[in-house]
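Chain by chain, the residues:
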Amino acid sequence: MAIKIDYYESLEVSRTASPDELKKAFRKQAMRYHPDRNPGDDAAEQKFKEINEAYDVLKDAQKRAAYDQYGHDAFEGGMGGMGGGFGGGFAGAGGLGDIFDQMFGDMMGGRRGGGRRTGADVQVQVEITLMEAFTGVKKDVEVRTRVACESCHGSGSADPKAGSSTCPTCHGAGKVRAQQGFFLVERPCPTCHGSGRTVANPCKVCHGTGTQAKTETISIDIPAGVEDGTRIRMTGKGEAGGEGVQPGDLYVHVSVLSHDIFQRDGSNIYCRVPLRMTQAALGTEVEVPVVDGGRSKVRIPAGTQTGETFRLRGKGFSVLRSSARGDMYIQVSVETPSHLTKRQRELLEEFEKEAGDDHAKGSPENSGFFAKVRDFFDGR
């Protein structure tokens, strides 16, 4: 059996890469290894097939979730219930119910890889500023979750000696299934509430579940370079699952707020800088703010036009899990004054007169497109 390369390594991205990062990485690799650019190169052709296979999986949220949990086995029959992978339908020994266990168990509370049960996962949303995304930040969030019952210490029984037994309704699965038309629907067991165990003398506080609701404050480390929409997983910080059941996970969805000045595109930063018409015409040097809080000088050559862009290398955004930084791009916007003093108007009228004289003499500076437009309206 051929050894498959990790899909993330094939595309040269991190495992937390956003959909946009995946798309950019795929396009870059596809251009590099496309057969039309590498005629007769079998290695390039094989690489092109690998990156196409990798992107086909990682661009799909469900396929990516399966790959993150099970690797290549998710699409080669290694998951039992997955059969021939997503393309092969829902065939397999376990049927549709097993697929729900494998694909969505971590979000509902249920069985993880290896057949172990866990408590339900918890999801929270965290908003951070662009500057916090640049530097990285620690955030404290309040999470409404379930923890081990303080009264029975998670056993679910008011009498620890009485112990517990396998739930007669779900036979220890923690879930029951019901047929609804063509679909098989799973719900937490109504008898044991998902624990898979029942107790003879239920705890009066948790009513035998072994857990109780609680609001906890959890500190979250958000790394520098994180992008809007990134999901951070904190293992074991979800809901407790009762006696003998490991807690679920906490998923933190990061939302990066927009900035008044900077616009981010991956590791690059874009910023518009206004210039007076005289600065653009004569040339100047301006100081611009940088995302790290500092300032940098940009030399603007004489004759700069609106829309021209200047690059500041290494002044862009942090790169996730790296000391590198992207670039910053300054786009010039030339402003036309709307209120002129008498003296300013006189100077501009004088300038316009001289410019008109140059035009009449056929100055090269006035022989372009706009000169032709002026000639059209002047009837020349």
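Heads up: the structure comes first, above all this text.
Throughout what follows, the structure given in this document is the object of discussion. (Residues numbered from 1 in each chain as written. Predicted model: local features only at pLDDT ≥ 70, side-chain atom pairs only at ≥ 80, totals over all residues. Heavy atoms only, no water.)

Bringing the pattern of salt bridges into the picture now. Any two side chains of opposite charge can pair, given that their charged atoms come close. Summed over all chains, the structure comprises 11 salt bridges. The salt bridge involving R343 is made with E346; its shortest N-O contact spans 3.7 Å. Taken as a pair, R343 and E346 lie in helix 8 (residues 342-360) at a separation of 3 residues, close to a single helical turn. The exposure class of E346 is partly exposed, given its relative accessible area of 34%. One network of salt bridges, in which partners are shared, links D6, R15 and D68. (Salt bridge = Lys/Arg side-chain N within 4 Å of Asp/Glu carboxyl O. Helix = DSSP H or I, 4+ residues; strand = E, 2+ residues; numbered from the N terminus. Buried < 20%, exposed > 50% of the residue type's maximum accessible area, 1.4 Å probe, protein only.)

Another aspect to go through is a nonpolar patch on the surface. A cluster of nonpolar side chains, M277, L340 and L348, forms an exposed patch at the surface whose accessible area comes to about 200 Å². Within the element layout of this structure, L348 appears in helix 8. In this structure L348 comes out as partly exposed when scored by relative accessible area, which is 31%. (Patch = residues over 30% accessible without salt bridge, like charges linked within 9 Å, V, L, I, M, F, W, Y side chains within 5 Å. Areas by Shrake-Rupley, 256 points an atom, 1.4 Å probe, with all protein chains shown as cover.)

Attention shifts here to the environment of A324. Tracing the backbone shows A324 in the loop between strand 16 (309-312) and strand 17 (328-335). Note on A324: relative accessible area 37%, which makes it partly exposed. It is 10.0 Å that separates the C-alpha atoms of A324 and G225, two residues lying 99 residues apart in sequence. With sequence-adjacent residues up to four places away left out, A324 is seen in contact with F317, S318 and V319. (Contact = heavy atoms within 4.5 Å.)

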